[in-house]
Amino acid sequence: MAHIQLKNITKKFGAHTALKGLDLEIQDGEFFVLLGQTGAGKTTTLRLISGLETPTEGDILIDGVDVGPWGAAERDVALVLQQYSLYPRYTVRENLEFPLKAKIRRLERAEIDERVNRVAKTLRIEHLLDRKTDRLSGGEMQRVSIGRAIVRKPRVFLMDEPLSALDAKLREALRTELKNLQVNLGATFLFVTHDQIEAMSMGDKIGVLNEGHLVQVGTPNEIYNNPLNTFVARSVGSPPMNLIEGELRSGKAVMTQKNFELPFTGATGTSAAEGDRPLVFGIRPEDLHLEAGAPVEAKVHDVENHGVEKILTLRVGDIMLRATVPARTDVALEDAVRFAWNPNKVVLFDRASGVSLRHAG
Amino acid sequence: MAAVRTGSEIALNRFAVVIVLIVTLIFLAPIYWITSTAFKPRNLATTIPPTVVFEPEISPFVKLFTKRAQLRSAPTPEEYAAAPWWERLVFDGGEKVVRSGKGEVQLSGYPSRFMNSLIVAITSTVLAVGMGTFTAYGFSRFKVKGEQDLLFFILSTRMLPPVVVAIPMFLMYRAVGLNDTHWGLIILYTAFNLSFSVWLMKGFIDEIPKEYEEAALVDGYTRMEAFFKIVLPEAATGIAATAVFCFITAWNEYAFALIMTNRRAQTAPPFIPSQVGSGLPDWTVIAAGTFLFLLPVAIFTFLLRNHLLRGMSFGAIRK
C-alpha cells in the first residue's frame, strides 16, 4: 500500500495542455476519486502515475520516492480500464495469471494458483475460470479485470471509469462491491469518474478536476456542502445546486434580475459581502421548501416523482429553481406555490470569479 | 419471414450463380490446361483441337528431373530390359537418360532451380514480414518524427516499375559480387516486399487497441514481452495475409531473376521457359515444371486460408 504525491505536474501533448500545475496527495489506504468531465485530465493523471506517460514538468512520488525514471512495470501499480481491459484469446484464468507470470515477480506455480483461486472466490468468478474472455458479459469482464488487479497485490489501484460501460443496476452493485473490497484490502485506490454519484458514494476524498486544474479536494461532505466555486457547485449533486444572481442588502438576499428577496442570516464568511457587490447565491434543492406564507411565489414548472421524494422545478419569472420535496407534497403543473430557503445553508459566490466567499476570505 | 422469397429474387440469385460459375471457369481454365498437359503423352500435347480424354502419363515428370540426350539409335533389347521403369519411359520418347562415367543418373537443372526458388522466396518472405511487422509496430505505437513523410517514402519505392532500375541494379550487383547469389535475390525481394509489408501490417496493428499492451506494461512486462505475448498473436491474421502476398510476389518474380542469376542461384521462373529453346520444345515437360511450381503457393495459401478468411474479428473487444 502506498502514499501518492503529485507535485506541480504539467503535461502537454503537443500544443494541448492536459494538466497545469497539478498538486495531489493521496493518503495510504484512501479511496480517492478524481471527478471531472471528459477532457478534464483524469485519465492523463492516471497514466502519469502508472508510468505510461511521463510528465512535461513536475514530480511523482510513491511512498516518498520519486518514481520519475521508473517504467510502468517497476511502479507496481494496477490499472483497471473501462474497456479493452482483458487480454483476448486468453481464458479468465490465464488473464488472472498473466501479471503473476511476469519475470519481475518470479512466483512459484503453487503461489500463483493459490492467489488466482483466492481472488476468484472473493469476486465470485470461480465458475468462469476456464472460459474465454469473449464469452463473458460486461459485468463479468469488469469483475475479471478487477480480479487481475487484485491478484497482484499492487501498491496502488488505478481505476479509469471501470463501471461506466455497465448498465445502471450492475453499476450500483459493483459500486458497493468495489468499496467493500477497498475497505477489506485496506488498499489505496485512485478512482477516476465523470459520475458524481460514484464519486459521492465511494470516495473518502474527492478531487474535482476542470480543464487540467484541480479545483477542490475534500471529503464528499465538504465538496457537497461547501463547494469552492460555482463549477464545483454545479458538478456535484443531483439535481445540482441552484445558483441565483443577486446582492446582499441589510440582511436580505435581493435577486436583482427578478427582484425577489429572501431573508439571509447565514454567515457570509466576509464582511465585504454586503452592499452592491455582485454575488451568486447557491442553495441545494433540499434546502428549498414549500410553505404557505413563505416570502416568494413561484409557478410549478415541472414535477419529477422519484418515489421517496419529488423534484420540483419552480419558475420565478425566467429563473428556474430545483427543489427536492417530500413525496407526499401534492402539487400540479402551473400551481402557484410559495417557497423559502434555509438561510444557514446558502453559499455565497463572488459573481465575477465564481469563488465561494467562505473560501476566498 | 426470411424464408419467403419473391420470384425476382430467385431469378437474381440464379443469375449471380451463373456469373460466378463463368468467372470461376475462366480462372480455372489455364490451371486445367497446365495440369492436363503435364500428364499427357508428348504427341497429344499440341493437338488441335486439344485432346481432353487421354491416358495420363508420368513421363513428363521423369523427363523434367533428368538430364536427357537424343538417342542416336534405338536401345538394344538388353539395354531396355535392364533399365528401370522410369528410364524406359525416356527411351519410349526417343531419348536417353544421361549418366556419369560411374553410371549415376544426371539430374536436370529443375530440382536445383526449384530449391533456389524455395530458399529465396521463404527467406525473403520471413525477412520482409518480420521487418515489416516491427517497423509497422513502431510507426503505429510511437510518435515518429516525420512519420507521414517516412511512410510515403517507403511507399514511393513501389512507384516505379521495378524493371526500370534493373540495369543499374545489375551493375551494382556485379560490382559487389551479389550477381547469381541467393542473397542477391533475397535482398532484392525483401526490399521490394518491405514497403508492402510495412503498409499492410500498419493497418493490421493500428486495429489492435494499444490498451492491451499498456495493461501488460503495467502488469510487469517489458515492451518487447508485451509485443510478443499480446500484439503478435493478435496480429497473426495480418501476418498470414501479408506473408501470402510477399511469398507469391517473390515466388513469381521473373524479370530480376532473369537478369541477376544464370546458374547457381537461378530460380524456377526464368528456368522453365528457357527449356522451350533447347532442342525441340517438349510442352509436357514445361507443363510438368509449371505444375510443380504452382504447388507451393497453393499449399501455402491453403494452410493459411482460415487466417485469410477470418478477417479482423478480435476476441474480447467491445467497441
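Remember, predicted model here, so these are calculated numbers, not experimental data. (Residues numbered from 1 in each chain as written. Chains lettered and ligands numbered in written order. Predicted model: local features only at pLDDT ≥ 70, side-chain atom pairs only at ≥ 80, totals over all residues. Heavy atoms only, no water.)

As for the UniProt feature "domain: ABC transporter" (unreviewed entry) in chain A
Item 1. According to UniProt, the positions carrying the feature "domain: ABC transporter" (unreviewed entry) are residues 4-236 of chain A.
Item 2. Between the end C-alpha atoms of residues 4-236 of chain A there is a gap of 25 Å, over a span that is 36% helix and 26% strand. (UniProt positions renumbered as here; feature names shortened; annotations may be inferred. Helix = DSSP H or I, 4+ residues; strand = E, 2+ residues; numbered from the N terminus.)

Notes on the interface of chain B and chain A
Item 1. Counting residues at the interface gives 24 residues for chain B and 31 residues for chain A.
Item 2. Between chain B and chain A lies a buried interface of about 2,400 Å² when both sides are counted; carbon and sulfur atoms form 56% of it.
Item 3. Where chain B touches chain A, the interface holds five salt bridges.
Item 4. As a salt-bridge pair, Arg-148 of chain A and Asp-219 of chain B come within 3.4 Å of each other at their nearest N and O atoms.
Item 5. Here chain B is connected to chain A by 15 residue pairs in polar contact (both at pLDDT 80 or more).
Item 6. Going through the elements one at a time, helix H9 (211-218) and helix H10 (223-234) of chain B are the ones with two or more residues in the side of chain B that touches chain A.
Item 7. Considering only residue class, the side of chain B that touches chain A consists of twelve nonpolar, two polar and ten charged. (Contact = heavy atoms within 4.5 Å. Buried area = accessible area lost by both parts, 1.4 Å probe. Salt bridge = Lys/Arg side-chain N within 4 Å of Asp/Glu carboxyl O. Polar contact = N/O pair within 3.5 Å; in protein donor to acceptor, adjacent residues only side chain to side chain. Nonpolar A, V, L, I, M, F, W, Y, C, P; charged D, E, K, R; others polar.)

Overview of the domain arrangement of chain B
All names here are of chain B.
Item 1. Taken domain by domain, chain B holds domain 1 (59-97) and domain 2 (110-310).
Item 2. Averaged C-alpha coordinates put domain 1 and domain 2 at centres separated by 40 Å.
Item 3. In this assembly, six residues from domain 1 lie in contact with nine residues from domain 2.
Item 4. Here domain 1 packs against domain 2, burying approximately 690 Å² in sum over the two surfaces, 80% of which is carbon and sulfur.
Item 5. For the domain 1 face of the interface with domain 2, the top three residues by lost area are Phe-61, Leu-64 and Phe-65, together amounting to 67%.
Item 6. Linking domain 1 to domain 2 there are one salt bridge.
Item 7. A salt bridge links Lys-63 to Asp-282; the shortest N-O distance between them is 3.5 Å.
Item 8. Where domain 1 touches domain 2, the interface holds one residue pair in polar contact (both at pLDDT 80 or more). (Domains from an automatic or database assignment.)

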